[in-house]
Amino acid sequence: MAFRKNVTYSSRPNHAARAAHARGDRQFRKYDTSYIQPQRSKGPVVFMVIVALVVVALVVGVFLFLGRGSAAGNTYELAAEGTSVQVTIGEGSVVADMASALGQAGLISSDAEFVKRVSDLGLESQLKPGTYEFVAGEDVDQIISSLQAGPPMGASVTVPEGFTVAKIADAVEQATQGTITAKAFKKAAKKVSDYEADYAFLKGVKSLEGFLFPKTYELGENPSADSLIRQMLDQYQKEVEALDYSYPRTCGLNQYQALILASIVEKESDAEVRDKVASVFYNRLSTEGEPSYGYLQSDATTAYEVGHDPTAEEVHANTPYSTYAHAGLPPTPICSPGLESLKAVCSPNQEYLTQGYFYFYFKEDSSGKMQYYFSHDLDEHNQAIANA
């Protein structure tokens, strides 16, 4: 189970002055029929006007195609996850221009997907120019949201959903150009006792992992690791105030345990299936016998511990974060989950709960979209894997 136009201007000679001068030279003192000329047919003129309009329409069409659609077909290599990337969106840029700039910066893998997603959201006219600081690994919706909000007034650091304390520390070091080192940030984040008195939700926990809420934070003047951590804890406190933890509590989970589960849901799902994945994990946690015996069996927990995609041997090893070797939850969250993952844990999919889904498998399809397959038992799960 497992984030930069050229405008051509034209001018036409104005004959009004010369025509007026010519009329002034004419002094009609008598009628002279020799000046009378047969009226020319308007047919050729109308024809030429029509031709000119057609040519203009074709030119405009080509311009719009090149300006808006030519980029929707390029693919790009993504920058290393966690890398801080600065992107400038020029004044007058259309969505395709933005997609090109983002792709060249390694923030999106496909122009077409970005342009389509903006169109689906109906935000084509709402994305703002300016200079942005992104962190590679943000998903398309996060990038679009930032472009819709507009560039920050000053320096900032972005914490994407799913980042660990270690990755947040790296992002802070890059955003502050080393003013706050990753080492200093991680050292401050280990001192939970420094924050416990001001944040009641930290009482009894041993790590800030999971609490540094995903968001873009303004650095302000003379930022410190402590001030940034407090901003992130303030944001977490604000975001969870409106959540209803009734369902997790009925399952024996306190708010911290719900955060741990939400961090796993964050790593094991995408926006469309978070509530279903949460239901699968609830079913596995609450079943003492077959088929799960209370084991989550999430590779993501071991990946957090070892720092890479784990091998079969690693996920089954007797280590604190192996949810194959130990029933229940791991000791701490494995990342900072976004609000949607927290909501999924507070309100899982009831249909998937009651119908007893215990397994899921995901695989990227030919279009690059992740497809999820949910199953009731192991045989069905293995068949889904074979057919995917």
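Let me begin by describing the structure that accompanies this report. (Residues numbered from 1 in each chain as written. Predicted model: local features only at pLDDT ≥ 70, side-chain atom pairs only at ≥ 80, totals over all residues. Heavy atoms only, no water.)

Section: the packing of helix α12 (residues 274-286) against helix α15 (residues 339-346)
Stated precisely, the cut-off is as follows: The axes are straight lines fitted to the C-alpha atoms, using for helices just the contacting stretch, and the angles between their N-to-C directions are given from 0 to 180°. By definition, any uninterrupted DSSP run of H or I lasting at least four residues is a helix, any uninterrupted run of E lasting at least two residues is a strand, and each is numbered from the N terminus. Each angle is binned into one of four classes, with values under 35 degrees roughly parallel, values over 145 roughly antiparallel, values of 65 to 115 roughly perpendicular, and all other values oblique. Crossings are sorted by hand: turned counterclockwise from the far helix by less than a right angle, the near helix makes the crossing left-handed, and turned clockwise it makes it right-handed. Note on contacts: a residue pair qualifies if any of its non-hydrogen atoms lie within 4.5 Å across the two residues. Any residue that is not Ala, Val, Leu, Ile, Met, Phe, Trp, Tyr, Cys, Pro, Asp, Glu, Lys or Arg is counted as polar, Gly included; the first ten are nonpolar and the last four charged.
Closest axis-to-axis distance for the α12/α15 pair is 8 Å, and the angle between their directions is 45 degrees. It follows that α12 is oblique to α15 by the angle criterion. Here α12 and α15 pass one another in a crossing that is right-handed. Here Arg 274, Asp 275, Ala 278 and Tyr 282 of α12 come into contact with α15, specifically with Glu 340, Ser 341, Ala 344 and Val 345. Partitioned by chemical class, the residues of the contact of α12 with α15 number 4 nonpolar, 1 polar and 3 charged.

What about the pairing of strand β6 (residues 370-375)?
Selection criterion: DSSP-based pairing: two strands are paired if at least 2 bridges between them are found.
Bridge analysis of strand β5 (residues 359-364) against β6 gives 6 bridges, and the strand direction is antiparallel. Its bridge partner lying in β6, Phe 362 is registered against Tyr 372. In this antiparallel pair of consecutive strands, β5 and β6, the connection spans 5 residues, and Gly 368 shows a positive phi of 90 degrees.

Focus on unusual backbone geometry
Where we set the bar: Note on classification: 1.4 Å probe, protein chains only; a residue is buried when its accessible area is under 20% of the maximum for its type, exposed when over 50%, partly exposed between these limits.
Here the amide bond leading from Glu 290 into Pro 291 is cis, since omega sits at 0 degrees, within 30 degrees of zero. Relative to the helices and strands, Pro 291 is located in the loop between α12 and α13 (299-306). One non-glycine residue with positive phi stands out, namely Asn 222, at about 50 degrees. The residue Asn 222 is located in the loop between β4 (215-218) and α9 (225-240) in this model. For Asn 222, a relative accessible area of 75% puts it in the exposed group.

Section: the environment of Gly 103
Relative to the elements of secondary structure, Gly 103 occurs in helix α3 (residues 95-104). Along the sequence, Gly 103 and Phe 114 sit 11 residues apart, while their C-alpha atoms lie 9.4 Å from each other.

Structural notes on the side chain of Thr 332
As for its placement among the helices and strands, Thr 332 is situated in the loop between α14 (312-316) and α15. Ignoring anything within four residues of it in the chain, the contact list for Thr 332 reads Ser 207, Tyr 256, Ile 260, Tyr 304 and Tyr 321.

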